[in-house]
Amino acid sequence: MNVTKMGPLMNFLDHFEPLLQTFWVVALVATLVFVIQTLLTFFADTDSFDSIPDSPLEMFSLRNLINFFLGFGWSGILFYAKIDSEILLVLLSCAIGLIFVAIYFWIIFQIQKLAQDNSTKLEDAINKTAEVYLKIPERKTGKGKILLSIKGSLKELDAITADKYPLHTGSLVKVISVENDDTLVVEKLAL
């Protein structure tokens, strides 16, 4: 088959040495597949993101292979004229391909952190130290408010005391239980 009949891409590649042709083919094919994968990710009906692999075998997926080839191909093209040693150029391109895969995993890890359930569960407050925000009357006579940090977020929550005496604003307390699914039971923190 005549190479000139295969279109403008082959005419473009004819002017390059074989190693540079290889880098161009790898880079262009990987970029095309990457663009298709990206479009499918955004437009396909999917409920989940990729995940960090649980085993080393999960590292060998099509998406990771494409990420590797993106880094490999484009870095090979970029450094072809700057590095005389073909072996060094291929090794550098492989290293950059692996860096692309590592960056991909880092991005997925960051996305998964954003998807974590950070809703406040009052059970998470048990055994934590809090500050009385609004005076808590003595036991069973009313509610007050405490300020408490849960999962890195400062919350103002209803509280009652287990003590026989009131807890004043600014007092430090320890959460000992949850009552009626919406109120924390606290006791004065012994200093």
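These numbers come from a predicted model, not from an experiment. (Residues numbered from 1 in each chain as written. Predicted model: local features only at pLDDT ≥ 70, side-chain atom pairs only at ≥ 80, totals over all residues. Heavy atoms only, no water.)

Turning to the overall build of the chain, a few remarks are in order. Across its full length, the chain holds four helices and five strands. For the chain, the residues scored as buried account for 28% of the 191 residues in total. Restricting to contacts in the chain with at least 6 residues of sequence separation, those with at least 24 account for 57%. Surface summary for the chain: the accessible area is close to 12,800 Å², and the carbon and sulfur share equals 64%. (Helix = DSSP H or I, 4+ residues; strand = E, 2+ residues; numbered from the N terminus. Buried < 20%, exposed > 50% of the residue type's maximum accessible area, 1.4 Å probe, protein only. Contact = heavy atoms within 4.5 Å. Areas by Shrake-Rupley, 256 points an atom, 1.4 Å probe, with all protein chains shown as cover.)

Turning our attention to the packing of aromatic side chains. Evaluation of the coordinates by the stated rule reveals six aromatic pairs. Relative to Phe72, the ring of Phe68 lies with its centre 5.9 Å away and its plane at 20 degrees, an arrangement referred to as stacked. With a gap of four residues between them, Phe68 and Phe72 both fall in helix H3 (residues 62-79), about one helical turn apart. Chaining the aromatic ring pairs together yields one cluster made of Phe23, Phe68, Phe69 and Phe72. (Phe/Tyr/Trp six-rings, centres within 6.5 Å; stacked < 30°, edge-to-face > 60°.)

Okay, the environment of Leu28 next. Relative to the assigned elements, Leu28 resides in helix H2 (residues 18-43). The class of Leu28 is partly exposed, set by a relative accessible area of 32%. Put simply, Leu28 and Phe69 are 41 residues apart on the chain and 9.5 Å apart in space, counted from C-alpha to C-alpha.

Okay, a nonpolar patch on the surface next. Nonpolar side chains collect at one region of the surface, where Phe34, Val35, Leu39, Phe42 and Phe43 lie side by side and expose about 570 Å² of accessible area between them. One can find Phe34 in helix H2. Residue Phe34 is classed as partly exposed on the basis of its relative accessible area of 35%. (Patch = residues over 30% accessible without salt bridge, like charges linked within 9 Å, V, L, I, M, F, W, Y side chains within 5 Å. Salt bridge = Lys/Arg side-chain N within 4 Å of Asp/Glu carboxyl O.)

This part takes up helix H4 (residues 86-114). Look at H4: 42 Å from first C-alpha to last across 29 residues, which is about the 42 Å you get at 1.5 Å a residue. Looking only at H4, the buried set comprises Leu89, Ser93, Ile96, Gly97, Val101, Tyr104, Phe105 and Ile108. Turning to H4, the residues buried within the fold contact H2 and H3. (Expected span 1.5 Å × (residues − 1).)

What follows is about the pairing of strand S1 (residues 129-134). Here S1 pairs with strand S4 (residues 172-179) via three bridges, running antiparallel. Note on S4: the bridge partner recorded for Ala130 is Val173. Pairing between S1 and strand S2 (residues 144-150): three bridges, direction antiparallel. Paired with Leu134 across the strands is Lys145, a residue of S2. (Pairing = 2+ DSSP bridges.)

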